[in-house]
Structure formats: structure tokens, C-alpha cells
Amino acid sequence: HPWHGIPIGKEAPETVTTFIEVIPSDTVKYEVDKVTGYLKIDRPQKFSNIVPALYGFIPQTYCKEEVAAYCREKSGRKHIIGDDDPLDICVLTEREVTHGNIIVRAIPIGGFRMIDGGEADDKIIAVLEKDEVYGNWTDIKDIPVNIVNRLKHYFLTYKQLPGEEPKCEITDTYGREEALEVIRRSRKDYENAYGNLEEALSLTLFEAL
């Protein structure tokens, strides 16, 4: 199972294993079905809004109370809760990757503190391990502003229809150290919810029946 069965990696949070669901050429948004582990179509991409990087999640993470508490602390919002999903991640690479449903190693360098309908929905920004171009970036401040803005625009508008009020907001763009802390907290949330891996996989199987 991509969420429960793929190890995050011994070097986490500095280097993490990631599961990629969507790539820039996809015209629909795929996401892992939490019960079966298979990719499913979540929705067609709205309009011309295309994800500008490899996009997926960090296995064996979960956004619940620890992640929500950190968001409340940093944003000053008192009623934020976790979104009950694994931690999202964008992976930058200069190479063309032709399909998702793959595992890649990535180095977190920053992130967006995003709030979606009152839920903490952080987006970690990372670079592909050993990437020839982006691999030299060690913090989000190393990324050209236009790339950061492109990522922001995608996440602020990817759920929005014309005439609708924005559902998402980004309160902060943070660097490597905060990204590592968000990952640590998401691992704690995962351990609290699914600490026994065998039990987590059994529970997933039970839910499928």
C-alpha cells in the first residue's frame, strides 16, 4: 500500500521517500485510494491549471493534531484542524517524468502553510535527490521567485471555479527547517493513528471488505 507499505526512509526528514500521484502533463488529478492503494481519478484538472511539479505525498505521514497545532501556532488561527490525509509534497526536477504512480527520493527545502476550509493542508516543496540542476538548492530562498509563484498559484486556484470565493489560502512560505518540523509532526500523527504497521494494513484491508 503506497501510504502504509512504503518506508519513509532512514534519512527522514532530511531526505524522504515520496509517492508521486500526478505529473505536469496529466489532464486529470489522480490520487491514491486510501483503502485499496490503487490510483483513482479524483477529478479532471480545472481549466488550464496544470500542476507545475511532480506531486504526491510522503508515505507513513498523517496530518492530524500535531500538524494542526503547529499551523495554529504559526498562523495565529485558533480553530485549525488536520485534514486527515498524508502530507503532500511537490518535487522539482529538470528531468521530464512521463508518468506517475512512482516512488522517488526527495530532499525537502521548504513549503507552504496552506489552510483549506479551516484544515491544515501543508505543501512541502522538495527537489529530486541528485537532480543535475535543482539538486543544488538547499532552501526555498534558492528557488527563483517565478517558480515559487507558479506553485502558489496552482494551489490557490486548483479547486476554485469561476465566481466562487477562494477555498484555500497560503499564510506563509517557509524554509527548510520548518518543512522538516512539519514532516516530523506528521510522522508523530501517523504513529499516533497507525503506530502498528501490521494493524494499519489489516485495518485498510478490513475497510475494503
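What you are looking at is a predicted structure, and each value in this text was computed from that prediction instead of being measured.

Visitor: Any chance you could break down the pattern of salt bridges for me, citing the residues and the numbers?
Guide: Side chains that carry opposite charge are capable of pairing whenever their charged atoms lie near each other. Evaluation of the coordinates by the stated rule reveals 19 salt bridges. Across the pair Lys64 and Asp84 runs a salt bridge, and its minimum N-O distance is 2.8 Å. Linking Lys64 in the loop between strand 4 (54-58) and helix 1 (65-75) with Asp84 in the loop between strand 5 (81-82) and strand 6 (87-92), this pair joins segments that are 20 residues apart in sequence. A salt bridge links Arg185 to Glu66; the shortest N-O distance between them is 3.6 Å. Of the two residues, Arg185 is situated in helix 3 (residues 176-194) and Glu66 in helix 1; the sequence distance between them amounts to 119 residues. With a relative accessible area of 27%, Glu66 lands in the partly exposed category.

Visitor: I'd like to hear about the layout of surface pockets, residue by residue, with values.
Guide: The computed volume of the largest pocket comes to approximately 390 Å³. Lining the largest pocket are 21 residues, with Lys29, Glu31, Tyr55, Asp85 and Asp88 sitting closest to its centre. Residue assignment for the lining of the largest pocket shows that the elements contributing at least two residues are strand 2 (28-32), strand 3 (39-44) and strand 4. Residues of the lining of the largest pocket, tallied by class, amount to 6 nonpolar, 1 polar and 14 charged. Put simply, the second largest pocket is a space of about 280 Å³. Every residue lining the second largest pocket is counted, 17 residues in all, and those nearest its centre are Pro24, Pro52, Ala53, Leu54 and Thr93. Those elements that place two or more of their residues in the lining of the second largest pocket are strand 6 and helix 2 (145-157). Tallying contributions element by element places helix 2 first for the lining of the second largest pocket, with 3 residues. Counted by class, the lining of the second largest pocket contains 11 nonpolar, 3 polar and 3 charged residues.

About the thresholds
Residues numbered from 1 in each chain as written. Predicted model: local features only at pLDDT ≥ 70, side-chain atom pairs only at ≥ 80, totals over all residues. Heavy atoms only, no water. Salt bridge = Lys/Arg side-chain N within 4 Å of Asp/Glu carboxyl O. Helix = DSSP H or I, 4+ residues; strand = E, 2+ residues; numbered from the N terminus. Buried < 20%, exposed > 50% of the residue type's maximum accessible area, 1.4 Å probe, protein only. 1 Å grid on protein atoms, 1.4 Å probe; cavity = no way out; pocket = protein on both sides within 12 Å on 5 of 7 lines; lining within 4 Å. Points joined across faces, edges and corners; volume = space filled by probe spheres on them. Nonpolar A, V, L, I, M, F, W, Y, C, P; charged D, E, K, R; others polar.

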